[in-house]
Amino acid sequence: MIGFVLFSLKRAWQGFWRNALMSLAATATMVLMLILLAGFWIIQTGLLSALDFTESKVEVQANINLEATPNTITALGERIQAMPEVTTVTFISREAALARFQQSMKNQGREDLSRFLDTNPFPASYEIKLKDPSYAATVADALRQDPAIRNVLDTKETAQNVKTVTDIMRTAGTVILLVIGVIVLFIIVNTIRLAVVARSEEIEIMRLVGASDAFIRWPFVFEGAMVGLFGAAITLILLYVLSDPIGGFMIGFFRVLPLNFGSLTRDLVVLVGTAGLGLGVLGAWVSVRTYLIR
Amino acid sequence: MAPSPLVTTATTQAAATRSLRERLLRRGRDEVESDRAVLVLHDVTKTYPNGKTALRDVDLVIPEGDFVFLVGPSGAGKSTLIKLLIRDEVASNGSVVLDGQDLARLQRRAVPKVRRKIGIVFQDFKLLPTKSVWENVAFALEVTGTPRRRIRPAVDRVLALVGLTAQRNQTPNQLSGGEQQRTAIARALVHDPRLIIADEPTGNLDPLISWEIIQLLLRINELGVTVLMATHNAEVVTALRKRVVALEEGRIIRDEVGGSYHRID
């Protein structure tokens, strides 16, 4: 068994270099296709986090009656938190609301007129983050019934629009990624097939001298795996070199996104490595099958 | 013309007979079959999917140690017959029994093992251009999972037998046509096969070299290996007076021992 694996590995290595031109062409195709795949993966990831970010901006703000007692306010907070549609509830006191207004005026470089006010006109409020923007209407309607609530800021339509757009973009992104994946699969399988066809005479001799299917197949499968791994390694090196421009592009294109580059890198390594290895092996397996004993 | 192969045959006849007898006795102990035929074709018909019938009702028995010429015009069915023997094709009807095994009933997994009982030699040699003579012969053993320690002595032995020890490190393009064919014969022999099938082995060679190859095949036959040789070389067939099986339009029209290429009326 070990002898067989060593034999197959040795033959794969020899096969790769004896047909160097073919092997390098296959590897180059693999690199281009993996870059294409990785590129679309990066764009898709950026798009998804942009969509998440947009959706997280949809929230319900419930302003509380000025007369409400602290007990009522606490009870209300607990009730909102208990709603199944809600992820987090943040209490904004009247003072905090005022301070926030003053800060935003200052940030915009406008004169702060609130110092002329006798009393703080801002109500206390609950800012409610939702599990999904489509829950906005449900939560808002439920809260309007509550006597402690003065009014609920109506974001129903915004929420609906955001939801529609993000859903379309998510679906489109996934479909495009899948289509690219299938195209990449066909191109790579065909390239490896060419490399195998170039050695059809060798396979014929192997069959005639009585080599079993395994002895014919595995050297080619290992060779396909080599093409895949070389391709993946070269792709990852290229992506690493290009990572700064890519990061710049992501931030420039998708605008200040809380993108986790650490996990993106890890996902990319896994994606490119698995795709390269899997496509190489699959391509070789399918190509050599034609030549096995009928 | 080279020295008559008949003389060579005669001088080694005694040794060959002894070798053959020993071999038959040794194999007889292992096998139960009474006739010890290497190959038995019974009522074989082959029709291709396109409707063309290449062989019709072929009956052929080749006993151990025989030397058989397979002759006939192009398209007579010689190639199809050889494909059936190496189980590249399966008979539409009838049975092909090689060394006691019915090839039609063979499981797919068992095919490689049966092929190792056959050594096949082609007109176009089918050598790997990037490998040396030694590597080309060793290749046949490597790809069938033979342990390394048994490969070296086996390859050295057959290269000595075909007289290519000195050329062992050369690649096929450094060899003459005859040497290339001897390499192919060495590769066919290295598995110690029961049957050597030579498909037009002299088709690409000039007459002198052709005789050299024929003599090599005769010597191998004297060592006890059965040889089936498809050929158009009338001169060789007629001169050697071996068994001749003639195919025409898919039928065996003649099967005679000591026959010539053309029918003698």
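If you're wondering where the values come from, they're calculated on a predicted model, not measured in any experiment.

**A few points about unusual backbone geometry**
Residue and element names in this part refer to chain B. For Asp57, which is not glycine, the phi dihedral falls at a positive 45°. For Asp57, the position within the fold is in strand β2 (residues 53-63). When the 13 C-beta atoms within 10 Å are taken as the criterion, Asp57 is described as partly exposed. Of note, Glu249 is a non-glycine position whose phi angle comes to about 50°, a positive value. Mapped onto the fold, Glu249 is located in the loop between β9 (243-248) and β10 (251-256).

**Comments concerning the confidence of the model for chain A**
Looking at chain A as a whole, its pLDDT mean stands at 82, while 93% of the residues score no less than 70. Between the elements of chain A, mean pLDDT differs from a low of 69, seen in helix α9 (residues 243-254) of chain A, to a high of 90, seen in helix α8 (residues 213-241) of chain A.

**Some remarks on the packing of helix α2 (residues 20-56) of chain A against α8 of chain A**
All names here are of chain A. Two elements in contact, α2 and α8, have axes whose closest approach is 8 Å; the angle formed by their N-to-C orientations is 50°. Considering their axes alone, α2 and α8 lie oblique with respect to each other. The handedness of the crossing between α2 and α8 comes out as right-handed. Where α2 abuts α8, its residues Ser23, Ala26, Thr27, Met30, Val31, Leu34, Ile35 and Ala38 lie against Val227, Gly228, Phe230, Gly231, Ala232, Ile234, Thr235, Leu238 and Leu239. Classifying every residue of the contact of α2 with α8 gives 12 nonpolar, five polar and no charged.

**Quick notes on the sheet that holds β2 of chain B**
In a beta sheet, neighbouring strands pair by backbone hydrogen bonds and run either parallel or antiparallel. All names here are of chain B. Spatially, β2-β1-β4-β5 is the arrangement adopted by the four strands of the open sheet, whose pairing is antiparallel. Where the open sheet ends on each side, the last strands, each with one partner, are β2 and β5 (101-102). This element, helix α3 (residues 78-85), spans β1 (37-47), β2 and β4 (93-98) of the sheet and lies at about 120° to β1.

**Let's talk about the confidence of the model for chain B**
Regions with low pLDDT carry predicted coordinates that are not meant to be interpreted in detail. All names here are of chain B. Scored by pLDDT, chain B has a mean of 86; 86% of the residues are at 70 or more. Note that pLDDT drops below 50 for residues 1-13; the model gives that stretch 11 contacts with residues more than four away or on any other chain. Overall fold confidence for the complex sits at a pTM of 0.71, while the interface term, ipTM, reaches 0.80.

**Here's the deal with the domain arrangement of chain A**
What the domain assignment lists for chain A is domain 1 (2-54 + 163-289) and domain 2 (59-154). Distance from the C-alpha centre of domain 1 of chain A to the C-alpha centre of domain 2 of chain A: 51 Å.

**As for the interface of chain B and chain A**
At the interface, 17 residues of chain B touch 14 residues of chain A. Of all the secondary-structure elements, those providing two or more residues to the side of chain B that touches chain A are α4 (111-115) and α5 (133-142) of chain B. Here the element with the most residues in the side of chain B that touches chain A is α4 of chain B; it accounts for four residues.

**Let's talk about the environment of Val209 of chain A**
Mapped onto the secondary structure, Val209 of chain A falls in the loop between α7 (200-208) and α8. Considering only alpha carbons, one finds Val209 of chain A and Ala137 of chain A, 72 residues apart in sequence, at a separation of 75 Å. Setting aside its immediate chain neighbours within four residues, Val209 of chain A contacts Ala140, Val143 and Thr144 of chain B.

Calculation rules
Residues numbered from 1 in each chain as written. Chains lettered and ligands numbered in written order. Predicted model: local features only at pLDDT ≥ 70, side-chain atom pairs only at ≥ 80, totals over all residues. Helix = DSSP H or I, 4+ residues; strand = E, 2+ residues; numbered from the N terminus. Buried ≥ 20, exposed ≤ 12 C-beta atoms within 10 Å, placed from the backbone. pLDDT = per-residue confidence, 0-100. Axes fitted to C-alpha atoms, helices over the stretch in contact; angles between N-to-C directions. Parallel < 35°, antiparallel > 145°, perpendicular 65-115°, else oblique. Left-handed = near helix turned anticlockwise from the far one by under 90°. Contact = placed C-beta atoms within 7 Å. Nonpolar A, V, L, I, M, F, W, Y, C, P; charged D, E, K, R; others polar. Pairing = 2+ DSSP bridges. Domains from an automatic or database assignment.

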